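As a plain string of letters, each chain reads:
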Amino acid sequence: TGVVAALSGAPPTRTALAQFALLGRVAMVTGGQRGIGLELALALAEGGAVVYCLDLPPTPDADWMKVQQFCSSLPDLGVGAHKKGRMEYMSCNVTDQKAMWTIAEQIAEKEGRVDICIANAGVLRGAECLEWDGEDFKKLLDVNINGAFFTAQAAGRQMEKRNIRGSIVMIASMSGTITNPNMHWTAYNTSKAAVLQMMRSMACELGPKGIRVNALSPGYIYTNMTKAFLQGKSELERMWCAQNPLGRLGNPDELRGAALWLASDASTFCTGSDIRVDGGQTAW
Ligand code: NDP
């Protein structure tokens, strides 16, 4: 396929942009009612996928409320019954393994398949490492490590059962590779390093089944998660900006391209990789 095939006389089966098309694909995105999760869910729906946003029960300020309007404005992408992307919301707690298995099964039964999974739900708390309360420490690891695993596992089971060459994307973090000066994020950093090694292990095990597993590791991105730390602390924001070569924080929409690439057929030879979108912070 592609240019080489075209040069050798055979018509290319797909153009470069068509490789990103998601029409007919079904996706599940955890933590999908706000922040990075919602942004990536919207990107997948724009690409044509049916996207299930899985999250804790919606709070009154959930950005999810604004989504219906966006969905009605999605472009028609093709012919046939399934012409455009769609978004659905389902309540979930990623720390409940059996519930995650059931949710993935319900989606697969309703839509006939699960092609894409973005394990995005996560929490961030800080405390000095010698002071961390054991229960709080375990709670963070439960969401960020066990939750990511149960999500990927639930989707992977449906992909395997239906013989689907799916793509699982774990939202890790630059904090899985480097530490954040003065932030007291031992638990978070530990959890994200675990997610990266989980991703590599799952990629090796699931590769022979045609299922790809990769990570997307953002740097500092403006969302509720980071705003909670920045509130009224312009000095901290300046410090964070100075920690990457681009000298600024990122926005959730700057992760869309990498997520679409990983989720789609544009990256069919990529598995076990950590794609860093961090303004160059891990390059320093
Ligand atoms: P947000 O806090 O804005 O969104 C996280 C979402 O996850 C929320 O909707 C939250 O629900 C949901 N969630 C939390 N716990 C659970 C749970 N147990 N079950 C289901 N859903 C849950 O964070 P971001 O959008 O910033 O972060 C998304 C991911 O990106 C996280 O994994 C984070 O670690 C990672 N990341 C973020 C960076 C950043 O700078 N923002 C940088 C690097 C990585 P609710 O709000 O109702 O609690």
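Up top is the structure.
Structural notes, computed from the coordinates. (Residues numbered from 1 in each chain as written. Predicted model: local features only at pLDDT ≥ 70, side-chain atom pairs only at ≥ 80, totals over all residues. Heavy atoms only, no water.)

Looking at where N180 falls in the secondary structure, it is placed in the loop between β5 (167-171) and α6 (186-206). Given a relative accessible area of 6%, N180 falls into the buried group. At 3.4 Å, the side chain of N180 forms a polar contact with the side chain of Y220. Those residues in contact with N180 that lie beyond four places of it in its chain are M174, S175, W185, N189 and Y220. (Helix = DSSP H or I, 4+ residues; strand = E, 2+ residues; numbered from the N terminus. Buried < 20%, exposed > 50% of the residue type's maximum accessible area, 1.4 Å probe, protein only. Polar contact = N/O pair within 3.5 Å; in protein donor to acceptor, adjacent residues only side chain to side chain. Contact = heavy atoms within 4.5 Å.)

For the rest of this paragraph, the subject is the packing of helix α5 (residues 134-161) against α6. Following both chains from N to C, one finds α5 and α6 inclined at 20 degrees, their axes separated by 9 Å at the closest point. It follows that α5 is roughly parallel to α6 by the angle criterion. When you trace α5 past α6, the crossing you get is right-handed. Between α5 and α6, the contacting residues are F137, L140, L141, N144, I145, A148, F149, A152 and Q153 on the first element and A187, Y188, S191, K192, A194, V195, M198 and M202 on the second. (Axes fitted to C-alpha atoms, helices over the stretch in contact; angles between N-to-C directions. Parallel < 35°, antiparallel > 145°, perpendicular 65-115°, else oblique. Left-handed = near helix turned anticlockwise from the far one by under 90°.)

The environment of the ligand is formed by 28 residues, the closest being R34, D55, N120, Y188 and T223. Here the ligand, which alone exposes 890 Å², has 90% of that area covered by the protein. Taken together, the elements giving at least two residues each to the shell around the ligand come down to α2 (35-46), α6 and α7 (224-230). If one sorts the elements of the shell around the ligand by residue count, α7 sits on top with three residues. Grouping the constituent residues of the shell around the ligand by class yields 14 nonpolar, eleven polar and three charged. (Near = heavy atom within 4 Å. Areas by Shrake-Rupley, 256 points an atom, 1.4 Å probe, with all protein chains shown as cover. Nonpolar A, V, L, I, M, F, W, Y, C, P; charged D, E, K, R; others polar.)

Counting across every chain of the model gives zero disulfides. Just so you know, C117 is unpaired, no disulfide at all, and the nearest cysteine sulfur is the one on C92, 10 Å from it. (Disulfide = S-S within 2.5 Å.)

Glancing now at the environment of K138. Structurally, the position occupied by K138 is in helix α5. Separated by 13 residues in sequence, K138 and R125 place their C-alpha atoms 12 Å apart.

Among the nonpolar cores identified, the biggest contains 43 residues, and L54, I107, I168 and M170 are the most heavily contacted of them. Counting only elements with at least two residues in this core, the list comes to β1 (26-30), β2 (50-55), α4 (97-111), β4 (116-119), α5, β5, α6 and β6 (212-218). Considering every element that reaches this core, the biggest residue donor is α5, with ten residues. With residues up to four places along the chain from it excluded, the contact list for L54 reads M28, V29, T30, G31, G32, M90, C92, M100, I103 and I107. Among the nonpolar cores identified, the runner-up in size contains 31 residues, and V51, C53, I118 and A263 belong to it. (Core = buried A, V, L, I, M, F, W, Y, C linked by side-chain atoms within 4.5 Å.)

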